[in-house]
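# Secondary and tertiary structure notes
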Amino acid sequence: GAVVSQHPSWVICKSGTSVKIECRSLDFQATTMFWYRQFPKQSLMLMATSNEGSKATYEQGVEKDKFLINHASLTLSTLTVTSAHPEDSSFYICSAKRQGLSQPQHFGDGTRLSIL
Amino acid sequence: AQKITQTQPGMFVQEKEAVTLDCTYDTSDPSYGLFWYKQPSSGEMIFLIYQGSYDQQNATEGRYSLNFQKARKSANLVISASQLGDSAMYFCAMRGPDNYGQNFVFGPGTRLSVLP
């Protein structure tokens, strides 16, 4: 199987707090990990793509200093929402992928972030 | 640029009946991959089925099959013998060209409701 663990599942915190979300591939080495944001009743919006040991590639319009991504190993990537504000409240979901064009992305269960 | 279109925002099907969810895509690259994902109300994204652009046969995975019509650029998902647990959002996605095969483009999704 291909299992991706994302933690935490829910976060509620005050405005100005920084929040770290972890994404781990549990039974395979992920050459690439992805971070998405999903608004209610909408599709996934790619925020950034990260390869192990290199800087993340951010999509247009995504603030690099706001959403810090670290991909320290082949099994772990983290997303830190710095100085979070209510407009950052959303569902964040990560995915991991093995090498190979036919390989699907395997997703974590997502993190629901609520900033008060 | 690649684009995925899912023209059915919502679909209803009677339990035990078959249902087809539409997906059309646009790309100028001869090499691409098409994926279908299921997202239940709990939020996790579940990989269902993959079709490569050079695959000669339509992909099948259990009750899921992909009706791949390359000339029409369509990759419809067929779910046979629908079950109540099939009620969810369904997303069609396309993998980018070989050089950028890591990135996926997701369609807007179709919400399937299975009626008892």
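As a starting point, this report considers the structure included with it.

### A few points about the pattern of salt bridges
Residue and element names in this part refer to chain B. Tallying each qualifying case throughout the model produces 4 salt bridges over all chains. Arg63 is the partner of Asp86 in a salt bridge, and the nearest nitrogen-oxygen pair spans 2.8 Å. Of this pair, Asp86 sits in the loop between strand 9 (74-79) and strand 10 (88-95) while Arg63 is found in the loop between strand 7 (60-61) and strand 8 (64-69), placing the two residues 23 residues apart along the sequence. Relative accessible area serves as the criterion here: at 1%, Asp86 is assigned to the buried category.

### Some points on the packing of aromatic side chains
Under the definition given, this model contains 13 aromatic pairs over all chains. Centre to centre, the rings of Tyr25 of chain B and Tyr32 of chain B are 5.1 Å apart; their planes meet at 55°, and the pair counts as tilted. Members of the aromatic cluster, each reached through a chain of ring pairs, are Phe34, Tyr36 and Phe107 of chain A together with Phe35, Tyr37, Phe47, Tyr50, Phe104 and Phe106 of chain B. Against the face of Phe91 of chain A rests Arg112 of chain A, its NZ or CZ located 4.4 Å from the ring centre. The ring of Tyr64 of chain B has Arg63 of chain B lying over it, and the distance from NZ or CZ to the ring centre is 5.8 Å.

What counts and what doesn't
For every chain, the first residue of its written sequence is number 1, and the numbers climb from 1 along that sequence. Whichever chain is written first becomes A and whichever ligand is written first becomes 1, with later ones labelled in order. The predicted origin of the model limits local features to residues at a pLDDT of at least 70 and limits the giving and counting of side-chain atom pairs to 80 or more, whereas totals for whole chains, interfaces and linings rest on all residues. With hydrogens and water set aside, each side-chain value is computed from the structure's full complement of heavy atoms. Throughout this description, the term salt bridge denotes a Lys or Arg side-chain nitrogen within 4 Å of a carboxyl oxygen of Asp or Glu. We count a stretch as a helix when DSSP gives it H or I for four or more residues in a row; a strand needs E for two or more, and each element gets its number in order from the N terminus. Type-normalised accessible area, obtained with a 1.4 Å probe on protein chains alone, sets the label of each residue: buried when under 20%, exposed when over 50%, and partly exposed for intermediate values. The criterion for an aromatic pair is that two Phe, Tyr or Trp rings (for Trp, the six-membered ring) have centres within 6.5 Å, with stacked assigned to planes under 30 degrees apart, edge-to-face to planes over 60 apart and tilted to the rest. For a Lys NZ or an Arg CZ to count as sitting over a ring, it must be within 6 Å of the ring centre and within 35 degrees of the ring normal.

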